[in-house]
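Summary of the model geometry
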Amino acid sequence: MTILKKTYISMSFRMYFKRLQWMNPMEKKLAEYKCDTNEAISLKLVRFADDLEDESTTFHPEYSHQLYGDDEVAFGYKGLQIQLYYSAGNLSTLFKVKYSARVTEKFDCVEPDDVEGKIREIIPAGFSCNTDDFTSLLEKETNFKPFGTLLHTYNVHNVEEGEDFTYQIHKVDLSCPGFREYHKRLQTFLMWFIETASFIDVDDDRWDFFLVFEKYNKDGETLFATVGYMTVYNYYVYPDKTRPRVSQMLILPPFQGEGHGAQLLEAVHMFYCNLHKVQDITAEDPSENYVKLRDYVLVKLCQTLPSFSTDKLPLGFSDDMATEAREKFKINKKHARRVYEILRLRVTDMSDETKARDYRLEVKKRLFAPTKKNQREMTKMMKCLRPEELASHISQMDTALQQEELEKSYQELLAEYRRVIERLAQA
């Protein structure tokens, strides 16, 4: 069966199940056996045996379409529960599937989805199916220590607990004993929290790994819990440089919103800053959230540089800014320009009409540059176009529409920049 045909069937089921009043008894019966896979899958990071029954420690996927289709629905079960529990440090895995009822052959040969098989495709061998076996593995967590070399230690104050928690960021390579097996377990989280995630080829030695761990105490012993990680691929740049590109970054849900992403990204920049062979740092197809995080971290770093001083910002973006950002923090020119715009906004009195206009024109000039280039290319193309093609392209060059889109882009950018400035003020 082709993917197209599967999608069509899935859509057909969905439309039918939304219209129960139009269904015959058999269709209604089948509709009861549909489960939202994002709700059915329960994830945990287990530190204590009591966590297994504590609902407050449970979290669910943001996405499950890569395993269960675009509609993120599993068919064939009532009360479906898919449990994927991990020990907090070593990520030893408990995998169990439960349900209250399942379709049988009496439903005209309709078969349930292979929900268990889908999970087995992504989790490595060696997982537990028995709670007692998994609980016994928790006792071995005291033997787990973070992989690699310690880069950075920081504290986060927890308001609810009224105390500081300690975190460590480690740089890891594939030569670390046990890391390959650990990474296979860790990367399974990508499927649930990154929309277009894919597993990487760890046999390529150009990969760098950066991991975040929480340091905590249990019965008087020091243990470590996995918080998140980042993978970076080192591309070759002629003649003797490399360009590290951030591939994947994930802070696990129980730790999100605590500033760990910013700590991790800053630590990674500082690590590569000390390597002469590194040209600059980029990211592969960055998400909107990653761009926001990067803006904050890069502005935080560059605000200390002489070329970005308050007296120089109103003079415009300069080569000195681009050079110093690259040499000090491995920031490329495109990102340095964005940093400049944020810092200039911070020192600009936008209630002053003249200063606000100067800033607006400066930013819009950059935003309009790609459009202007496209117009020049289109002018060249017009000499070769047929009349109907020419009419179509001319409609795309409507000046009023361009101005409207430009203003919209500027206002959206302004809102993004102000959020970065607010976060800086709170840091």
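Calculation criteria
- Along each chain, residues carry numbers from 1 onward, in the same order as the chain's sequence is written.
- Given that this is a predicted model, residues contribute local features only at a pLDDT of at least 70 and side-chain atom pairs are listed and counted only at 80 or more, while totals for whole chains, interfaces and linings are drawn from all residues.
- Excluding hydrogens and water, the side-chain figures rest on all heavy atoms present in the structure.
- UniProt positions are given in the numbering used here, feature names are shortened, and annotations may be inferred rather than shown by experiment.
- Paired strands are those between which DSSP finds at least two bridges.
- Here a strand is any run of E in DSSP of at least two residues, a helix any run of H or I of at least four, and the numbering for each starts at the N terminus.
- The patches described consist of residues with a relative accessible area above 30% and no salt bridge, like charges being joined within 9 Å and nonpolar side chains (Val, Leu, Ile, Met, Phe, Trp, Tyr) within 5 Å.
- Reported accessibility uses the Shrake-Rupley method at a 1.4 Å probe radius. Residues are deemed covered only where the shown protein chains occlude them.
- One speaks of a salt bridge when a side-chain nitrogen belonging to Lys or Arg is within 4 Å of a carboxyl oxygen belonging to Asp or Glu.
- Counted as positive: Lys and Arg. Counted as negative: Asp and Glu. His and the chain ends are not counted at all.
- Working definition for charges: the position is that of NZ of Lys, CZ of Arg, CG of Asp or CD of Glu.
- In this analysis, axes come from line fits to C-alpha atoms, helices being fitted only over the stretch in contact, and the angle between any two N-to-C directions falls in the range 0 to 180 degrees.
- Burial classes follow relative accessibility: with a 1.4 Å probe on protein chains only, a residue under 20% of its type's maximum area counts as buried, one over 50% as exposed, and anything between as partly exposed.
- Whether two residues are in contact is decided by their heavy atoms: any pair within 4.5 Å suffices.

An unreviewed UniProt entry annotates the protein chain as Histone acetyltransferase type B catalytic subunit of Oncorhynchus tshawytscha. In the Catalytic activity (unreviewed entry) part of its UniProt record, the protein chain is described as follows: "L-lysyl-[protein] + acetyl-CoA = N(6)-acetyl-L-lysyl-[protein] + CoA + H(+)".

Judged from the six bridges that link them, strand β5 (residues 81-87) and strand β6 (residues 93-98) form a sheet pairing that is antiparallel. Looking at the pairing, leucine 84 lines up with phenylalanine 95 of β6.

A grouping of Glu160, Glu161, Glu163 and Asp164 is seen on the molecular surface, where their side chains present a negatively charged patch. Turning to its location among the elements, glutamate 163 is positioned in strand β9 (residues 163-172).

Attention now moves to the sheet that holds β6. Within the open sheet, the three strands sit side by side as β2-β5-β6. Their pairing is mixed. Two strands in the sheet have a free side with no partner beyond their single neighbour: β2 (41-46) and β6. The average angle at which neighbouring strand axes cross in this sheet is 15°, direction not considered. Strand direction decides the pairing type here: β2 and β5, joined by six bridges, are parallel. Directly across from serine 42, in β5, lies its bridge partner glutamine 83.

Turning our eyes to something else, we now look at the pattern of salt bridges. When their charged atoms lie close together, side chains carrying opposite charge are able to pair. Counted under the stated rule, the structure contains 15 salt bridges. Two residues, arginine 120 and glutamate 116, come together in a salt bridge whose shortest N-O distance is 3.0 Å. Within this pair, arginine 120 and its partner glutamate 116 are both found in helix α5 (residues 115-120), separated by four residues, close to a single helical turn. In this structure, the salt-bridge partner of lysine 300 is glutamate 266, at a minimum N-O distance of 3.1 Å. Linking lysine 300 in helix α10 (residues 288-302) with glutamate 266 in helix α9 (residues 260-273), this pair joins segments that are 34 residues apart in sequence. On the accessibility criterion, lysine 300 (30% relative accessible area) is partly exposed. The network of salt bridges with shared partners includes Arg337, Glu341, Glu362 and Arg366.

Before going further, it helps to examine the UniProt feature "active site" (unreviewed entry) in the protein chain. Sites flagged by UniProt as "active site" (unreviewed entry) map to Glu284. Assignment of secondary structure puts glutamate 284 in the loop between β13 (282-283) and α10. Relative accessible area serves as the criterion here: at 40%, glutamate 284 is assigned to the partly exposed category. With sequence-adjacent residues up to four places away left out, glutamate 284 is seen in contact with Arg245, Val246 and Ser247.

The next thing to look at is unusual backbone geometry. Cis geometry marks the peptide bond from tyrosine 238 to proline 239, where omega comes out at 0°. With respect to the secondary-structure elements, proline 239 resides in the loop between β11 (221-237) and β12 (241-251). Even without glycine at this site, aspartate 219 takes up a positive phi of about 55°. Among the structural elements, aspartate 219 can be located in the loop between β10 (207-218) and β11. What makes aspartate 219 exposed here is its relative accessible area of 74%.

Ordered in space as β8-β9-β10-β11-β12-β13, the six strands form an open sheet in which the pairing is mixed. On the outer flanks of this sheet lie β8 (149-158) and β13, each paired with one strand and no other. Pairing between β11 and β12: 10 bridges, direction antiparallel. Bridge pairing links threonine 231 to glutamine 248 in β12. Against the sheet, helix α7 (residues 179-186) contacts β9, β10 and β11, and its axis sits at roughly 85° relative to β10.

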